[in-house]
Amino acid sequence: MRYEISELDRMLSGLLIPGVVSAVDAGKARVRIASDGWVSSWIPWLGLAAGTARHWRLPSVGEQALMLNPSGEPDNGFALVGFYTDALGHDGRANVVAWQMPDGCKIEYDFTAGTALIDGCKTVTVNAAESVTVKSTTITLDADDVLVTKNLTVGAAINHLANGGSKASFGGAIEAKGDVCAGDISLMKHAHREQGDGQMTGEAI
């Protein structure tokens, strides 16, 4: 009977093992958990979703974890990760849902202010097979250069502010269904002063 009791005690004590992530195998989606000098075999960790719709985030080495081991057998266990620690820190804001990346990039939403932020990344790419719609009262593109690689259709006015003496340049022909004005001079309605037979006309007026 003593053997049965000791075996039951071993199984119960091995059901939950706290520790930290000591190694990560991204290719096989496995981690090893270290606890008081002992290191587990390679075991899966719990993700937010892992079916046909799935989420992917590698646990960090040093991230606190809890092993759940059926029948107290660590080789059959899996790891729960995502516990906040002083070593790795936490955000601390009550009104923000955020992702903080190791390279400094952050993605966050402040549901009190109603603001979303992507900051600190090098590039952002959006690929859509059919269409992308961005709708707002105002949109600001703050960049040294904005490149449109193909056709551009504008449904309302274009205002060129010419800040700093900038000019608009076109590499091809320009077609206008309406009049074109340069200052107060109309392309369609301007006139010239006659300078005499065979002489050049004066400037447009």
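So, how was this worked out
Residues numbered from 1 in each chain as written. Predicted model: local features only at pLDDT ≥ 70, side-chain atom pairs only at ≥ 80, totals over all residues. Heavy atoms only, no water. Domains from an automatic or database assignment. Pairing = 2+ DSSP bridges. Helix = DSSP H or I, 4+ residues; strand = E, 2+ residues; numbered from the N terminus. Axes fitted to C-alpha atoms, helices over the stretch in contact; angles between N-to-C directions. UniProt positions renumbered as here; feature names shortened; annotations may be inferred. Core = buried A, V, L, I, M, F, W, Y, C linked by side-chain atoms within 4.5 Å. Buried < 20%, exposed > 50% of the residue type's maximum accessible area, 1.4 Å probe, protein only. Contact = heavy atoms within 4.5 Å. Salt bridge = Lys/Arg side-chain N within 4 Å of Asp/Glu carboxyl O.

### Here's the deal with the domain arrangement of the protein
- Splitting the protein by domain gives domain 1 (3–81) and domain 2 (175–204).
- Between the C-alpha centres of domain 1 and domain 2 the distance comes to 82 Å.

### Observations regarding the sheet that holds strand 6 (residues 96–100)
- Spatial ordering of the open sheet is given by 6-7-8, a layout of three strands whose pairing is antiparallel. Single-partner strands in this sheet number two, and they are strand 6 and strand 8 (115–119). Strand-to-strand twist of the sheet, defined as the mean angle between neighbouring strand axes without regard to direction, takes the value 5°.
- Where strand 6 lies against strand 7 (residues 106–110), five bridges are found, and the strand directions are antiparallel. Residue pairing for strand 7: Val96 is matched across the bridge by Asp110.

### Notes on the UniProt feature "domain: Gp5/Type VI secretion system Vgr protein OB-fold" (unreviewed entry) in the protein
- Sites flagged by UniProt as "domain: Gp5/Type VI secretion system Vgr protein OB-fold" (unreviewed entry) map to residues 18–84.
- Counted over residues 18–84, helix gives 0% and strand 40%. Its end C-alpha atoms are 13 Å apart.

### With respect to the nonpolar core
- Counting residues in hydrophobic clusters, the biggest one holds ten residues: Ile17, Val21, Val31, Ile33, Ile43, Trp45, Ala65, Met67, Ala79 and Val81.
- Among the secondary structure elements, those contributing two or more residues to this core are strand 1 (16–25), strand 2 (30–35), strand 4 (64–68) and strand 5 (78–83).
- Dropping the residues within four chain positions of it, Val81 is found in contact with Val21, Trp45, Leu46, Arg57, Pro59, Glu63, Gln64 and Ala65.

### Side note on unusual backbone geometry
- Its identity is not glycine, yet Ala29 carries a phi of approximately 55°, on the positive side.
- Along the chain, the position of Ala29 falls in the loop between strand 1 and strand 2.
- Even without being glycine, Asp36 reaches a positive phi, approximately 50°.
- Note on placement: Asp36 falls in the loop between strand 2 and strand 3 (38–39).

### Some points on the pairing of strand 1
- Bridge analysis of strand 1 against strand 4 gives five bridges, and the strand direction is antiparallel. Bridge pairing in strand 4 links Pro18 to Leu66.
- Of the pairings in the sheet, the one linking strand 1 to strand 2 comprises five bridges and is antiparallel in character. The partner of Val21 across the bridge, within strand 2, is Ile33.
- Hairpin connection from strand 1 to strand 2: four residues lie between these consecutive antiparallel strands, with Ala29 at a positive phi of about 55°.

### What about the pattern of salt bridges?
- Within the structure shown, the criterion is met by three salt bridges.
- A salt bridge links Arg93 to Asp91, with the nearest nitrogen and oxygen atoms 2.7 Å apart.
- For Arg93, a relative accessible area of 37% gives the class partly exposed.
- Asp91 sits in the partly exposed class, given a relative accessible area of 43%.
- Where Arg93 meets Glu108, a salt bridge forms, and the shortest distance between an N and an O atom there is 2.8 Å. In this pair, Arg93 is assigned in the loop between strand 5 and strand 6 and Glu108 in strand 7, connecting sequence segments 15 residues apart.

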